[in-house]
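Spelled out from the first residue to the last, the chains are:
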Amino acid sequence: MPSNRTDVAVHELIVSFSCLDAAKLIDRLARTAAAVTGTAYAGFVRVDALCEAAHSVHVHAPPGDPLRMRAWLAESGVLKTLAVSPEPLLMARDPSVGEPGFLATPVPVATRDHALLWVAGRLFSDRDEDLLSRFATAAGRALEAASGLEAAVRQLRGVHAFAHA
């Protein structure tokens, strides 16, 4: 039987590694992307390149969603465009036809599907694209780190269980 010290040490690691909530991290990253680019809207899209399909994973929007971004994402065809192109996407703002202004860039993560970070709500420039691309790289590292912590917790729980067997 393991010593109480070992049990406590493994439990403390599990608790400290479990403090990160992936959903809250994604929300914080989207909120920060919006702040960094001076917009009120941001979010993540997951793309399955094999199926050429994209799905909205998270949308950060002001209360009431005045630009109706959730509906625009679903109805505009932008998700299909994102699904077939791994490149950043910049769409001009044109309120007369319901175009909110949209910028999306790939998030470098090591998964089968790939993700894009987007911001919307104004006219964007090449500078904004560069800034969002740099932020997306940091976001990708944060998401991979969170995934690594989740994997470590699963492994530590196994260690903890086998220590008691």
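Higher on the page you've got the structure.
Residues numbered from 1 in each chain as written. Predicted model: local features only at pLDDT ≥ 70, side-chain atom pairs only at ≥ 80, totals over all residues. Heavy atoms only, no water.

## Examining the pattern of salt bridges
- One pass over the full model with this rule turns up four salt bridges.
- Close ionic contact of Asp65 with Arg70 constitutes a salt bridge, the shortest N to O distance being 3.7 Å.
- Salt-bridge contacts for Asp128 lead to Arg122; the nearest nitrogen and oxygen are separated by 2.7 Å. (Salt bridge = Lys/Arg side-chain N within 4 Å of Asp/Glu carboxyl O.)

## Describing helix α2 (residues 22–37)
- With 16 residues, α2 extends 23 Å between its outermost C-alpha atoms, agreeing within 8% with the 22 Å of an ideal straight helix rising 1.5 Å per residue.
- Those residues of α2 that fall on the buried side of the exposure criterion are Leu25, Asp27, Leu29, Ala30, Ala33, Ala34 and Thr37.
- The inward-facing, buried residues of α2 abut β1 (41–48), β2 (53–60), β5 (114–120) and α5 (126–163).
- The N-cap residue of α2 is Asp21: its side-chain oxygen and the backbone nitrogen of Ala23 are 3.0 Å apart. (Helix = DSSP H or I, 4+ residues; strand = E, 2+ residues; numbered from the N terminus. Expected span 1.5 Å × (residues − 1). Buried < 20%, exposed > 50% of the residue type's maximum accessible area, 1.4 Å probe, protein only. Contact = heavy atoms within 4.5 Å. Polar contact = N/O pair within 3.5 Å; in protein donor to acceptor, adjacent residues only side chain to side chain.)

## Some details on the pairing of β2
- Pairing of β1 with β2, which is carried by seven bridges, proceeds in the antiparallel orientation. Its bridge partner being in β2, Ala42 is matched across the sheet by His60.
- The turn linking β1 back onto β2 is made up of four residues, and Glu52 within it adopts a positive phi angle of 50 degrees. (Pairing = 2+ DSSP bridges.)

## Some words on the nonpolar core
- With 19 residues, the main nonpolar core has Met69, Leu73, Leu82, Phe102 and Trp118 as its most contacted residues.
- Only β1, β2, α3 (69–75), α4 (78–84), β4 (99–107) and β5 provide two or more residues apiece to this core.
- No other element matches α4, which puts four residues into this core.
- Counting 18 residues, the second largest nonpolar core, distinct from the first, contains Leu29, Phe44, Ala136 and Ala146. (Core = buried A, V, L, I, M, F, W, Y, C linked by side-chain atoms within 4.5 Å.)

## As for the packing of aromatic side chains
- Applying the stated criterion to the full structure yields two aromatic pairs.
- Geometrically, the ring pair formed by Trp72 and Phe102 is tilted, given 5.2 Å between the ring centres and 50 degrees between the ring planes. Placement of the pair is Trp72 in helix α3 and Phe102 in strand β4, with a sequence separation of 30 residues.
- Taken together, a centroid distance of 5.6 Å and an interplanar angle of 25 degrees make the contact between Phe102 and Trp118 stacked. Within this pair, whereas Phe102 is found in strand β4, its partner Trp118 is found in strand β5, the two being separated by 16 residues in sequence.
- Put simply, the rings of Trp72, Phe102 and Trp118 pair up and form one aromatic cluster. (Phe/Tyr/Trp six-rings, centres within 6.5 Å; stacked < 30°, edge-to-face > 60°.)

## Quick look at the sheet that holds β5
- Strand order in this open sheet of five strands is β2-β1-β5-β4-β3, and the pairing throughout is antiparallel. Of all the strands in the sheet, the pair left with one neighbour each is β2 and β3 (89–94). Each neighbouring strand pair of the sheet contributes to a mean axis angle of 25 degrees, computed without reference to strand direction.
- Sheet strands in contact with α2 are β1, β2 and β5, and its direction is about 125 degrees off that of β1.
- Against the sheet, α5 touches β1, β3, β4 and β5, its axis set at about 50 degrees to β4. (Axes fitted to C-alpha atoms, helices over the stretch in contact; angles between N-to-C directions.)

## Notes on the pairing of β1
- Counting buried positions over the eight residues of β1 gives seven, a clear majority of the element.
- Here seven bridges tie β1 to β5, and the two strands are oriented antiparallel to one another. In the sheet register, Tyr41 faces β5, and the bridge partner there is Ala120.

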